[in-house]
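Structural overview for review
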Amino acid sequence: MAKIKIENVVASTSLGGKLDLQAIALAIDGAEYEPKQFPGLIYRLKEPKTATLLFSSGKVVCTGGKSLEDVRLAIETVGKQIEAAGIQIKKHPDIEVQNIVATSNLGMKINLNAIAISLGLEKVEYEPEQFPGLVYRLDEPKVVVLLFSSGKLVCTGARKPSDVEQAVEKITQEFKAAGLLR
């Protein structure tokens, strides 16, 4: 099985009711809030290295984590800082993963032209003049994989790490069955 590296986990949650972003921006050191440029407050953590976006509706989006645990820790840290500023929020909010981006390597060069022909045009986009990678849309798991001739790939749209593992395994098996991988 090819080694898979999670590059980014994007997750969302809700801290309950409305949030006073101006009050939070004043209370939390390092918070960025420029409502004329972006409607949310941006708070970046160095550890885990994440960016958390808070919106006045109470919705929160966390990005940049390398694992679900990073995302949980970031949201928990931001929540504690908001509470320390005297602002009431929902304790232990449900966190929903929206997207996982991961990379892997098939370990050998691959012929994207042969793959495009073998997989068929329904699930594949390959225009080498526009983009050097082949875009492969899988139905199960429902992810998009960018394949490069170097054998490297990027998987996006996964909701859990096992989706990425399943996609890489499926691609490897399909390519071997078609004689495209040794």
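Below or above, wherever it landed, is the structure these notes cover.

Observations regarding helix H2 (residues 68–84)
Along its 17 residues, H2 runs 24 Å from first to last C-alpha, staying within 8% of the 24 Å computed at 1.5 Å per residue. Buried residues of H2: Val-71, Ala-74, Ile-75, Val-78, Gly-79 and Ile-82, and no others. Viewed along the axis of H2, the buried residues span an arc of 130°, placing them on a single side of the element. Across H2 from its buried face, at more than 90 degrees, point the exposed residues Glu-69, Lys-80 and Ala-84.

Topic: the pairing of strand S9 (residues 152–158)
Here strand S5 (residues 96–105) pairs with S9 via five bridges, running antiparallel. Counted as the bridge partner of Ala-102 is Cys-155 from S9. Bridge analysis of strand S8 (residues 143–147) against S9 gives four bridges, and the strand direction is antiparallel. Across the sheet, the residue bridging to Val-144 is Thr-156, located in S9. Taking the residues between adjacent antiparallel strands as the criterion, S8 and S9 are bridged by four residues, where Gly-151 takes a positive phi near 95°.

Points about the pairing of strand S2 (residues 41–45)
When you tally the buried positions in S2, you get four out of five residues, the bulk of the element. Relative to strand S3 (residues 50–54), S2 runs antiparallel, the two sharing five bridges. Paired with Leu-41 across the two strands is Leu-54, which belongs to S3. From the end of S2 to the start of S3, which pair antiparallel, there are four residues.

Reading the values: rules and limits
Residues numbered from 1 in each chain as written. Predicted model: local features only at pLDDT ≥ 70, side-chain atom pairs only at ≥ 80, totals over all residues. Heavy atoms only, no water. Helix = DSSP H or I, 4+ residues; strand = E, 2+ residues; numbered from the N terminus. Expected span 1.5 Å × (residues − 1). Buried < 20%, exposed > 50% of the residue type's maximum accessible area, 1.4 Å probe, protein only. Arc of directions from axis to C-beta. Pairing = 2+ DSSP bridges.

Any functional reading would require information beyond the geometric quantities listed.
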